[in-house]
Amino acid sequence: MTVAGRWSDRTPLRIKLIAAMLALVAVALAVIGVGSVSVLNGYLVDRVDAQLDMVVHDVGRQMKHKPLELVRLRTPPDGWVAVYDQDGVLIATQAGMSVENIPGPRSPSRDTEAPQTVPAESGSGTWRVRVVKEPDSGHALVAIDLASVRQISTRLALIELLGSLLVMAVLAVVGIVTVRRSLRPLTEIERTAEAIADGDLSSRVPDRHPRTEVGRLSRSLNGMLSQIEAAFQAKASSEAAARESEERMRRFVADASHELRTPLTSIRGFAEFHRRVPGNDTARLMRRIEDEAARMGLLVDDLLLLARLDQQRPLQEHPVDLLAIAAEVVYDARILAPDRDVSLLVESDIALIVEGDEVRLRQVVGNLMSNAMTHTPPGTPVTVRVGTAGRRAVVEVADKGPGMTAEQAERVFERFYRADLSRARKDDAAMRSTGGSGLGLSIVTAIVRAHGGIVTVETAPGAGAAFRVVLPLVPEVLGSEVLGSEDAEEEEGSDDAPPGAASEDVTVSGDGAGSGVCAGPEEGAPLEDGAGSRDGSGPGGAVSPATQATRTE
């Protein structure tokens, strides 16, 4: 690379712009100066030639008379006349007042009558000379000193030089200020780039007028930076979601392994006891092995059901009456727990018909009822409410039990979650479990989500818990006149989320009086009709003591 190339690479842009501007202006001023001086000099020389013509005319007229009378010549103050005979001998000279004491001109080198510029015989002076020839009298040399012309031209050149230097200085100052202000947006872009390089992806270039180059550049850069920030945020969110999903999967596998290990350990223990102790009660051992195998089978069935729900397999949908399902679950609960006050409240005058899988919806209500009966003290009242909220049907199972904290409510719908980890399974003589596997409410959430609904919980320590399921009503019910006023109220402002609009994430609103947890769908997740009702309802929706649906266990 040449020296000029290296200098160009190392020189800042503002210096290049100012230097280029000053160079162009200097060239322009030089051309203008040289041109103006040349034009003026030519004009002054033409005036001198005009004076020469007048003097030459007088000299030519006088040379026709003998002897030559130079005293009659009208010689200008800076003029000079010399007369020579035919042999070239100087006859007479006449000089103007201004040039009497300065050296005269040299003889022209060209033998022509046209005006010529010749130097003085000595010194630095110059003369404008013209030769006048007269065949009978000889010739004359007429000259005018160019000192005045040279003086005027020199003064003009000096004035132009000083003016050019002043213009260059002013332009340099103005150029520095203008270029600095013009390049200030580039400095801001540089600062923005440095901030982004330091990790601040929210930095943006200040907006400029879109008609300017810097404005268009700023707009393009800001658009690019917004896309980069969005891409980084999406990448970060994706990585966080992947890590969270991996952590949930790891926890799920660990919890599933732990849950399956208990019945497997029991079965192996009973088998080893039967092998080592001859004469034991074989029928009783086989019955207990079958009970453990059945419990393990229920757990595996629950896991398979959740897997089917996660795969979004299609539902077998048809109109389902939620009031009938709620009534049957309440009836079964009253039979299984006669010491409890289990009540049913109907808060709607229309049919609560939804589109869905009856077996799965019966399992939802059954799981919620089993959850309330399992995790509240004996004799605790349980209330089932059915009604409508705008365009949706609502089923709520509320108890007067000990309730849950906000932290517990946040995780109550997680798989294998138990609020009290210190509570372990305790088997009595009938192998009745007092704790669940932690999948009951997860199944409820998955089934409700597959039906396009949401499930929420409102609870506080000592205030009980109320689980609320909201499902969309069928269009036939929505078209009835009874819903006209309710639809108008909903359009003005309903607190319920639209079908399929709830997020699967669990959110808690803690206000001191209680907490609300919502788990719902991103979209309706279809599933395949598989095993019967579990984890809260037996066949037909009956709530049995062996139900494994849980809320906090």
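All values derive from a computational prediction rather than experimental measurement.

The rules behind each value
Residues numbered from 1 in each chain as written. Predicted model: local features only at pLDDT ≥ 70, side-chain atom pairs only at ≥ 80, totals over all residues. Heavy atoms only, no water. Helix = DSSP H or I, 4+ residues; strand = E, 2+ residues; numbered from the N terminus. Buried < 20%, exposed > 50% of the residue type's maximum accessible area, 1.4 Å probe, protein only. Contact = heavy atoms within 4.5 Å. Areas by Shrake-Rupley, 256 points an atom, 1.4 Å probe, with all protein chains shown as cover. Pairing = 2+ DSSP bridges. Axes fitted to C-alpha atoms, helices over the stretch in contact; angles between N-to-C directions. Patch = residues over 30% accessible without salt bridge, like charges linked within 9 Å, V, L, I, M, F, W, Y side chains within 5 Å. Salt bridge = Lys/Arg side-chain N within 4 Å of Asp/Glu carboxyl O. Lys, Arg positive; Asp, Glu negative; His and termini not counted. Charge placed at Lys NZ, Arg CZ, Asp CG, Glu CD. Left-handed = near helix turned anticlockwise from the far one by under 90°. Nonpolar A, V, L, I, M, F, W, Y, C, P; charged D, E, K, R; others polar. Parallel < 35°, antiparallel > 145°, perpendicular 65-115°, else oblique.

A. Representation of the overall build of the chain in the model. Secondary structure assignment for the chain yields eleven helices and 14 strands. For the chain, with 553 residues in total, the buried portion stands at 40%. Within the chain, contacts between residues at least 6 apart in sequence are counted, and of these 66% link residues at least 24 apart. Of the roughly 30,400 Å² of accessible surface on the chain, 56% is carried by carbon and sulfur atoms.

B. Focus on the sheet that holds strand β5 (residues 138–145). Read from one edge of the open sheet, five strands run β2-β1-β5-β4-β3, paired in antiparallel fashion. Only two strands of the sheet have a single neighbouring strand rather than two, namely β2 (90–95) and β3 (116–119). Within the sheet, the average angular offset between the axes of one strand and its neighbour, ignoring direction, is 25 degrees. Looking at chain direction, β3 and strand β4 (residues 126–134) are connected through four bridges and run antiparallel. Residue pairing across strands places T117 opposite R128, the latter belonging to β4.

C. Inspection of the pairing of β2 at higher detail. In the sheet, strand β1 (residues 79–84) pairs with β2 via five bridges, with the strands oriented antiparallel. Across the sheet, residue A82 finds its bridge partner in β2, namely T93. Where β1 folds back on β2, the antiparallel hairpin that results is connected by five residues, among which G88 adopts a positive phi of roughly 85 degrees.

D. Here's a closer look at a positive patch on the surface. A cluster of like positive charges, contributed by R14, R180, R181 and R184, occupies part of the molecular surface. With three residues, helix α3 (residues 147–197) is the largest single contributor of residues to the positive patch. Summarising the element assignment, R14 is placed in helix α2 (residues 13–62).

E. Representation of the packing of helix α7 (residues 358–374) against helix α9 (residues 440–450) within the structure. Packing of α7 against α9 leaves a shortest axis separation of 9 Å and a crossing angle of 150 degrees. At the point where α7 passes α9, the crossing takes the left-handed sense. Together, R360, Q363, V364, N367, L368 and N371 of α7 and G440, L441, I443, V444, I447 and V448 of α9 make up the contact between the two elements. Looking at side-chain class alone, the contact of α7 with α9 contains seven nonpolar, four polar and one charged residues.

F. Structural context of the packing of α2 against α3. In the contact formed by α2 and α3, the axes pass within 8 Å of each other and the chain directions differ by 160 degrees. Comparing the axis directions of α2 and α3 gives the class roughly antiparallel. In the crossing of α2 with α3, the sense of the turn from one axis to the other is right-handed. A class-by-class count of the residues in the contact of α2 with α3 yields 26 nonpolar, seven polar and two charged.

G. Main features of the pattern of salt bridges. The tally for this structure, following the rule as stated, stands at seven salt bridges. Taking the shortest distance from any N to any O, the salt bridge between R204 and E229 comes out at 2.4 Å. With R204 in the loop between α3 and α4 (213–276) and E229 in helix α4, the pair connects residues that are 25 residues apart, well separated along the chain. You can call R204 partly exposed: its relative accessible area is 27%. On the basis of relative accessible area, E229 is assigned to the buried category, the value being 17%. In this structure, R362 engages E358 in a salt bridge whose closest nitrogen and oxygen atoms are separated by 2.8 Å. Taken together, the residues span about one helical turn, with R362 and E358 both in helix α7 at a distance of four residues.

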